[in-house]
Amino acid sequence: MSVSTAPVRLPVRRFGATGRRDAWWVQPLVVFLGLSTFLVYSTWAAFQNSHYTYGPYLSPFYSPELFGDSPHSWFGPRPGSWPTWLPFSPALLILPIPGLFRLTCYYYRGAYYKAFWLDPPSCTVGEPRGSYWGEHSFPLILQNGHRYMLFLSLAVLVVLWLDVWKAWWFVDPATGNERFGIGLGTLVLLANGVLLSSYLLGCHTLRHIVGGCVDQLSRAPAAGRAYACVSCLNRRHMLWAWCSLFSVGFSDLYVRLCSMGVWSDVRFL
Ligand code: FES
């Protein structure tokens, strides 16, 4: 018996048109406001080149400080060959790594395609154009660079954990020696390390890499456990993405305001 089929033509909605009755526009609006606020603040903070350290604390925007004037600098002050017309800040040397990592993250792509490009504004809401470009041609094919940014970001994360370790050691003004202590800034940087790790270690790409390391996870228990751990974090990837975005911005703000004398760092020990 033959079955005849006829193509079904779906109506093309005009931009913004939808049959949805819920407040579908709230989520893209919140994403737009949240990401815009972070972009404006982080760009401003990156260009300051000041007030990014306080005691043993170093702002995560400026870490690792490859060149700079603070005691945290790895290779000393700004190189003499740096062009005078080019703005310098340690943050400008390092922020492209976490910035591009988040820009190419699968979660953020979905979020900013909707919130900034309105393409589409939300599910079943009319798009601004009728064609579909996908991510397999320029420029969006560059999103595939996410795996490389993952490796670089893992290296930056290790350095941030070293900063957390240093944040427990304060110089005693009486002796000039370092001694163990706990300040509110220590806890802020610690929370930031935990949230950044939860975001980064739940990356979709990392999940594929770990899962692809062995053909049969049941025969490699350690890889199986790592895969389960990454998968567990991945289930709440959106939550970790937002919490870590907030924590990294707040950590910079905390160090900055302490350094400027606006806030006082509370010492518990
Ligand atoms: Fe979000 Fe990799 S997919 S960090």
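Residues numbered from 1 in each chain as written. Predicted model: local features only at pLDDT ≥ 70, side-chain atom pairs only at ≥ 80, totals over all residues. Heavy atoms only, no water.

Draft legend 1. Broad picture of the packing of aromatic side chains. Under the definition given, this model contains 24 aromatic pairs. Taking 6.2 Å as the distance between ring centres and 45° as the angle between the ring planes, the aromatic pair formed by F250 and W263 counts as tilted. With F250 in helix 9 (residues 237-260) and W263 in the segment after helix 9, this residue pair connects regions lying 13 residues apart in the sequence. Residue F250 is classed as partly exposed on the basis of its relative accessible area of 28%. Grouping aromatic residues by their ring pairs yields a cluster made of F101, Y107, Y108, Y199 and W242. (Phe/Tyr/Trp six-rings, centres within 6.5 Å; stacked < 30°, edge-to-face > 60°. Helix = DSSP H or I, 4+ residues; strand = E, 2+ residues; numbered from the N terminus. Buried < 20%, exposed > 50% of the residue type's maximum accessible area, 1.4 Å probe, protein only.)

Draft legend 2. Just unusual backbone geometry, in detail. In the segment running from S63 into P64, the intervening peptide bond is cis, with an omega of 0°. Position of P64 among the secondary structure elements: in the loop between strand 2 (57-58) and helix 2 (90-94). Cis geometry is found at the peptide bond from F138 to P139, where omega equals 10°. Structurally, the position occupied by P139 is in the loop between helix 4 (106-115) and helix 5 (146-166). Positive phi, close to 55°, is recorded for H51, a residue that is not glycine. Along the chain, H51 falls in the loop between helix 1 (26-48) and strand 1 (53-54).

Draft legend 3. View of the pattern of salt bridges. Evaluated as defined, the whole model comprises four salt bridges. E135 is the salt-bridge partner of R109, the closest N and O atoms lying 2.8 Å from each other. One end of the pair, R109, is in helix 4; the other, E135, is in the loop between helix 4 and helix 5, with 26 residues separating them in the sequence. Taking the relative accessible area as the measure of exposure, R109 reaches 5% and is therefore buried. Residue R256 pairs with D252 through a salt bridge whose shortest N-O separation is 3.1 Å. With R256 and D252 both in helix 9 and four residues apart, this pair spans about one turn of that helix. No difference in accessibility class separates R256 from D252, as the two residues are buried. (Salt bridge = Lys/Arg side-chain N within 4 Å of Asp/Glu carboxyl O.)

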